[in-house]
Amino acid sequence: MAENDDNGDGESGAATAGDARDLTTTVFPHARIRKIIRADPDVNIISADAVFVVAKAAELFLEKLSWVAYETANGERRRTVQYRDLVAAVESVDEYFFLEDILPSNPKYVGKEGGGARKGKNATD
């Protein structure tokens, strides 16, 4: 029996995909997550379960953030998520308040209309 993306409450995709999500695997490589955790000098030993939980939490966090950004782009009739959509997501959802310093509204590295990073030797100036 095929599942329909529309679950009847007006939200398509998100709830259905969440219900069918495999909670036993992650998209992030565990070795990389372990390496990031080990960068903390206060951490000596990391269990495989802890690495899995951190990887899954990061995956779910990014999925939710990207979904809010996608909805912003979709509301403007665009199919491509842009930096400004991520900024709008951070500004509109209280849970992402801690990201306001990381995703500034007017970043220095975003160039002309058309986007992309500035080219050249001193692109960070």
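Scroll up to find the structure this text is about.
Read on for a plain summary of the structure. Model, not experiment: these values are computed from the prediction.

Attention shifts here to a nonpolar patch on the surface. Residues Trp67, Tyr70 and Val81 make up a contiguous nonpolar surface patch of roughly 250 Å² in combined accessible area. Inspection of the secondary structure assignment puts Tyr70 in helix 3 (residues 48-75). According to the relative accessible area criterion, Tyr70 is partly exposed, its value standing at 32%.

With that settled, consider the nonpolar core. Counting 10 residues, the largest nonpolar core consists of Leu65, Val68, Ala69, Tyr83, Val87, Ala89, Val90, Tyr96, Leu99 and Leu103. The set of elements that each furnish at least two residues to this core consists of helix 3 and helix 4 (83-92). Per element, the largest residue contribution to this core is 4 residues, and it comes from helix 4. Discounting chain neighbours no more than four positions away, the residues touching Val68 are Ala89, Ser92, Val93 and Tyr96. Counting 5 residues, the second largest nonpolar core, distinct from the first, contains Ile33, Ile37, Ile46 and Ala55.

Looking now at the pattern of salt bridges. Note that side chains of opposite charge can pair when their charged atoms are close. Inspection of every chain in the model, using the stated rule, returns 5 salt bridges. For Arg78, the salt bridge identified is with Glu76, shortest N-O distance 2.7 Å. Accessibility expressed as a relative area gives 14% for Arg78, which makes it buried. With relative accessibility at 44%, the residue Glu76 sits in the partly exposed group. We note a salt bridge from Arg78 to Asp85, for which the minimum N-O separation is 2.6 Å. As far as burial versus exposure is concerned, Arg78 and Asp85 are alike and both buried.

Once that is clear, we can look at the packing of aromatic side chains. Each aromatic ring pair is described using two quantities: the centre-to-centre distance and the angle formed by the ring planes. Using the criterion set out here, one finds 3 aromatic pairs in the structure. Each ring, one from Phe61 and one from Tyr96, has its centre 5.8 Å from the other, and the planes form 80 degrees; the classification is edge-to-face. Of this pair, Phe61 sits in helix 3 while Tyr96 sits in the segment after helix 4; the two residues are 35 residues apart in sequence, bridging distant segments of the chain. Classification of Phe61 by relative accessible area gives partly exposed; the value is 28%. We classify Tyr96 as buried; its relative accessible area is 2%. Ring plane angle 40 degrees and centroid distance 6.1 Å describe the contact between Phe61 and Phe98, whose orientation is recorded as tilted. Placement of the pair is Phe61 in helix 3 and Phe98 in the segment after helix 4, with a sequence separation of 37 residues.

The rules we used
Residues numbered from 1 in each chain as written. Predicted model: local features only at pLDDT ≥ 70, side-chain atom pairs only at ≥ 80, totals over all residues. Heavy atoms only, no water. Patch = residues over 30% accessible without salt bridge, like charges linked within 9 Å, V, L, I, M, F, W, Y side chains within 5 Å. Areas by Shrake-Rupley, 256 points an atom, 1.4 Å probe, with all protein chains shown as cover. Salt bridge = Lys/Arg side-chain N within 4 Å of Asp/Glu carboxyl O. Helix = DSSP H or I, 4+ residues; strand = E, 2+ residues; numbered from the N terminus. Buried < 20%, exposed > 50% of the residue type's maximum accessible area, 1.4 Å probe, protein only. Core = buried A, V, L, I, M, F, W, Y, C linked by side-chain atoms within 4.5 Å. Contact = heavy atoms within 4.5 Å. Phe/Tyr/Trp six-rings, centres within 6.5 Å; stacked < 30°, edge-to-face > 60°.

Geometric values such as these leave the question of function open.
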